[in-house]
Amino acid sequence: MEERLEQAELDALWLPGDPIASAERLAAAAAERDRSEVVRAELETQRARALGLQGRFGEAEALLESLEPAGGVLEVRVLLERGRLRTASGRSDEAVPVLEAALRAARRDGDLSLGVESALVLADADRPRALQWIEEGLSDLAATGDPRTLRWGAVLYDLRGWVLLRDGDADAALASFEDAVEYAEAYGTLDQQFAAHWAVGRCLRELGRTAEAREIQRRLASERPDEPAVQAELEALSSAPDET
């Protein structure tokens, strides 16, 4: 069996909202002497991602190029991060074929987690076909029982909800946001749970169900009084017409 980077370790190395510190931690982990070459290289793909989040796209691309030729899980990670970089730098037309290759490689290797992640990034890069890619990700998700992989369900259903809301189908969007809540409660982080409930409240306001929306946002405000998104919703609800 191919040695690979464990997702639990990767989660621990990432500091959400701090790509500079994350890059430093990933670089230090990759420099540890007892690492295999494959795991070291996987860590470097994540450092490239952290560099991209800092806007250092050239450095990130060069780092990924230094890891090639790649096979197996490393190939998927290089393709996935290259596609993510190109999307972030405004080159979505170049990102899509790279991400499609990442999805094919993940499925070839039976890597459901990276397959779902690739589909999710494709949905961001290929906006006209976003719903198609989200459904691809949900199809792969249905084939796994791994709790960490199932956490992607909260993200996929949340994104699906926003796409549907953008397209004017608020009822379908609400159903998708409610699915995101279920996945977030079962498998997600506290931040994902909070965001999922907020999205339900936001969609209820769109549907004119202001009393329900206000109840959700007030509850969230009691948990996080200084959350700007919640305060913005409460302000919007204060001037929204009452339900008839």
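Parameters and conventions
Residues numbered from 1 in each chain as written. Predicted model: local features only at pLDDT ≥ 70, side-chain atom pairs only at ≥ 80, totals over all residues. Heavy atoms only, no water. Axes fitted to C-alpha atoms, helices over the stretch in contact; angles between N-to-C directions. Helix = DSSP H or I, 4+ residues; strand = E, 2+ residues; numbered from the N terminus. Parallel < 35°, antiparallel > 145°, perpendicular 65-115°, else oblique. Left-handed = near helix turned anticlockwise from the far one by under 90°. Contact = heavy atoms within 4.5 Å. Salt bridge = Lys/Arg side-chain N within 4 Å of Asp/Glu carboxyl O. Buried < 20%, exposed > 50% of the residue type's maximum accessible area, 1.4 Å probe, protein only. Nonpolar A, V, L, I, M, F, W, Y, C, P; charged D, E, K, R; others polar. Polar contact = N/O pair within 3.5 Å; in protein donor to acceptor, adjacent residues only side chain to side chain.

(A) Fine view of the packing of helix α12 (residues 190–206) against helix α13 (residues 210–223). Contact geometry of α12 with α13 gives a least axis separation of 8 Å together with a crossing angle of 150°. Relative to α13, the element α12 lies roughly antiparallel. Of the two possible hands of crossing, α12 and α13 adopt the one that is left-handed. Facing α12, whose interface residues are F194, H197, W198, V200, G201, R202, L204 and R205, α13 presents E212, A213, I216, Q217, R219, L220 and E223.

(B) Examining the pattern of salt bridges more closely. Counted according to the given criterion, the structure contains 31 salt bridges. Between R86 and E61 there is a salt bridge, with the nearest N and O atoms lying 3.5 Å from each other. In this pair, R86 sits in helix α5 (residues 72–88) while E61 sits in helix α4 (residues 57–65), placing the two residues 25 residues apart along the sequence. Residue classification places R86 among the buried positions, given a relative accessible area of 18%. Judged by relative accessible area, E61 falls into the buried class, the value being 10%. R108 is the partner of D109 in a salt bridge, and the nearest nitrogen-oxygen pair spans 2.9 Å. On the accessibility criterion, D109 (40% relative accessible area) is partly exposed. Overlapping salt bridges, with partners in common, bring together E61, E68, R82, R86, R91 and E94 in one network.

(C) Inspection of the packing of helix α2 (residues 19–30) against helix α3 (residues 37–53) at higher detail. One way to put it is that α2 packs onto α3 with a least axis distance of 9 Å and a crossing angle of 165°. Judged by the angle between their axes, α2 and α3 are roughly antiparallel. Of the two possible hands of crossing, α2 and α3 adopt the one that is left-handed. Residue-level inspection shows P19, A23, L26, A27, A29 and A30 of α2 in contact with α3, the latter providing R40, L43, E44, Q46, R47, A50 and L53. In the contact of α2 with α3, the residues fall into nine nonpolar, one polar and three charged.

(D) Representation of the environment of E215 in the model. Relative to the assigned elements, E215 resides in helix α13. The exposed category is assigned to E215, whose relative accessible area is 58%. Expressed as a C-alpha distance, the spacing of E215 and A31, which sit 184 residues apart in the sequence, is 50 Å.

(E) Main features of the side chain of E61. At 3.1 Å, the side chain of E61 and the side chain of R91 are in polar contact. If near-sequence neighbours (up to four positions away) are discounted, E61 is found in contact with R82, L85, R86 and R91.

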